[in-house]
Each structure stands twice: as structure tokens, then as C-alpha cells.
Amino acid sequence: REWAEGDLADAWAAEVLATKGAAPSTSAVAKVGEILLSQGEDHALAQHLGRHHELASADRLRLAAALRQYLEGERAYAVQDLDRTRTCLKDALPVLATLHSDFRFHARLREIVCRYHEGQNRWVIEATSQLLLGIDPERYPSLVGRVRWTRYLAYSRLGFVAESFADLDTAGSLFRQL
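Model, not experiment: these values are computed from the prediction.

Thresholds applied
Residues numbered from 1 in each chain as written. Predicted model: local features only at pLDDT ≥ 70, side-chain atom pairs only at ≥ 80, totals over all residues. Heavy atoms only, no water. Helix = DSSP H or I, 4+ residues; strand = E, 2+ residues; numbered from the N terminus. Expected span 1.5 Å × (residues − 1). Buried < 20%, exposed > 50% of the residue type's maximum accessible area, 1.4 Å probe, protein only. Salt bridge = Lys/Arg side-chain N within 4 Å of Asp/Glu carboxyl O. Phe/Tyr/Trp six-rings, centres within 6.5 Å; stacked < 30°, edge-to-face > 60°. Lys NZ or Arg CZ within 6 Å of the ring centre and 35° of its normal. Contact = heavy atoms within 4.5 Å. Axes fitted to C-alpha atoms, helices over the stretch in contact; angles between N-to-C directions. Parallel < 35°, antiparallel > 145°, perpendicular 65-115°, else oblique. Left-handed = near helix turned anticlockwise from the far one by under 90°. Nonpolar A, V, L, I, M, F, W, Y, C, P; charged D, E, K, R; others polar. Patch = residues over 30% accessible without salt bridge, like charges linked within 9 Å, V, L, I, M, F, W, Y side chains within 5 Å. Areas by Shrake-Rupley, 256 points an atom, 1.4 Å probe, with all protein chains shown as cover. Polar contact = N/O pair within 3.5 Å; in protein donor to acceptor, adjacent residues only side chain to side chain. Core = buried A, V, L, I, M, F, W, Y, C linked by side-chain atoms within 4.5 Å.

## Looking at helix α4 (residues 57–78)
Helix length check: α4 (22 residues) gives 31 Å between terminal C-alpha atoms against 32 Å at 1.5 Å per residue, within 8%. If you check which residues of α4 are buried, you get R60, L63, A64, A66, L67, Y70, L71, G73, A76 and Y77. Downstream of α4 by a residue or two, Q80 has a phi angle that is positive, lying close to 60°.

## Quick notes on the pattern of salt bridges
Inspection of every chain in the model, using the stated rule, returns 11 salt bridges. R104 is the partner of D102 in a salt bridge, and the nearest nitrogen-oxygen pair spans 3.7 Å. Salt bridges sharing partners connect three or more residues here, namely E72, R75 and R84.

## A few points about the packing of aromatic side chains
Evaluation of the coordinates by the stated rule reveals 4 aromatic pairs. When the ring of Y155 is compared with that of F160, the centres are 5.9 Å apart and the planes differ by 85°; the resulting orientation is edge-to-face. Residue placement shows R115 over the ring face of W123; its charged tip is 3.9 Å from the ring centre.

## A word on the side chain of T85
Mapped onto the fold, T85 is located in helix α5 (residues 82–98). Discounting chain neighbours no more than four positions away, the residues touching T85 are G73, A76, Y77, R110 and C114.

## A word on the packing of α4 against helix α6 (residues 103–117)
It is the contact of α4 with α6, at a shortest axis distance of 11 Å, that shows an interaxial angle of 30°. It follows that α4 is roughly parallel to α6 by the angle criterion. Seen from above, α4 lies across α6 with left-handed handedness. Together, L67, Y70, E74 and Y77 of α4 and F103, H106, A107, R110, V113, C114 and H117 of α6 make up the contact between the two elements. Partitioning the contact of α4 with α6 into residue classes produces 7 nonpolar, 2 polar and 2 charged.

## What to know about helix α7 (residues 121–133)
With 13 residues, α7 extends 19 Å between its outermost C-alpha atoms, agreeing within 8% with the 18 Å of an ideal straight helix rising 1.5 Å per residue. Burial in α7 covers these residues: N121, V124, I125, A127, T128, L131 and L132.

## Notes on a nonpolar patch on the surface
Side chains of W149, F175 and L178 sit close together on the surface and give an oily, nonpolar patch of about 260 Å² of accessible area. Examined against the element boundaries, W149 turns out to sit in helix α8 (residues 141–158). Among the residues examined, W149 registers a relative accessible area of 38% and is labelled partly exposed.

## Points about the environment of L131
Here L131 is to be found in helix α7. Remark: the alpha-carbon pair of L131 and I112, spanning 19 residues in sequence, is separated by 9.6 Å. With residues near it in sequence (within four places) discarded, L131 still touches F105, R108, L109, I112 and V147.

## With respect to the side chain of T128
Mapped onto the fold, T128 is located in helix α7. Polar side-chain contacts of T128 include one of 2.8 Å to the backbone oxygen of V124. There is a polar contact of 3.0 Å between the side chain of T128 and the backbone oxygen of I125. If we skip the residues at most four places from it in the chain, T128 touches I112, V147, T150 and R151.

## Some words on the nonpolar core
Formed by 21 residues in total, the largest nonpolar core has its most connected members in L109, L131, I135, L143 and V147. Mapped onto this core, the elements with two or more residues apiece are α6, α7 and α8. Tallying contributions element by element places α6 first for this core, with 6 residues. Listed in part, the 19 residues of the second largest apolar core include L55, L67, L99 and F103.

Bear in mind that shape data such as this cannot, by itself, settle questions of function.
In C-alpha cells:
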């Protein structure tokens, strides 16, 4: 899943940008999306592939640029460059949201996780609660599990034992289903 939503999505975006918004050949990406869905994984990549053909080339270009910006933020996060991560997400999130890309949920979670690292636990609890309202756990079990895990960590830091264990239990249950 991480490879598909990272390297493969990045290759899709690079192709769109190189062809100035033309719909790219997505046979390999589509096949991976189908495999992920058959294994009970999240729908983000499959949704992305299904929707991008509906977009005008200018919007497809915007989506590709925003997706690459989000992925750059993910790479920055991997080396704990939180400032760079936030900058990338600040640029990517509005476009991903406007174009209704499911990657907006992933970008929003990464933004929340950055705030967790800054110790903004109450904000994290509120933000994860809001994010969960917009995510279908049937379509995005892995993502919902990661959101619940993040909220579990914030609750734990604040000493909310019952709430933290409820989120830990839910996250664990979702992860076991994958």
C-alpha cells in the first residue's frame, strides 16, 4: 500500500506533469489499485484513478502537482523535517480538498501527526475527531486505524485512559482485518 500510494502515485503525477495534463496510461497503477482493493486495503489509489479521467487537463495538472507536493511532505516527514512537511502540506491540502482527492485525508492526518510531535495533544484530539467524521471506515480501514492510533497517542499523553484504550482497541481491530 505504501509503495502504491507513494512511488506509484508519484510516477502517475510525474507523467501527468510531463504530458502537460494529458490522462496518463494507468494500466499498472490500476492493476495495483485492484489488488489492494481485493486485499481489503484503502480505496485512495483506486478512487484517485477513477476520478482523474473525469478532470479537465488543467485540474489534472493541479492534482498532479498537489499530489507530488504531498508526497514531498511525506518524504520530509520520513526524515523528521517537520517544517518542510508542514510547508508541503500547506500547499497541497487545499488543492487535494478542492478536487475531492482521497489523498486529502492522508495529507490531513500527516498535518495532525506533525502537531502531535509538537505536543498539541488537545488540538490533535479535536482534529482527529473531525477527520474521522469524513472518512468511511469500510472504504478506508487502514487510514481510520491510523487516525485512531494518533488519537490514542494524544489521549494517552493527557492521561485519558478510557478514551485512549477505546481508540487503541479500535485501531488494533482495524489493523487485524487487513
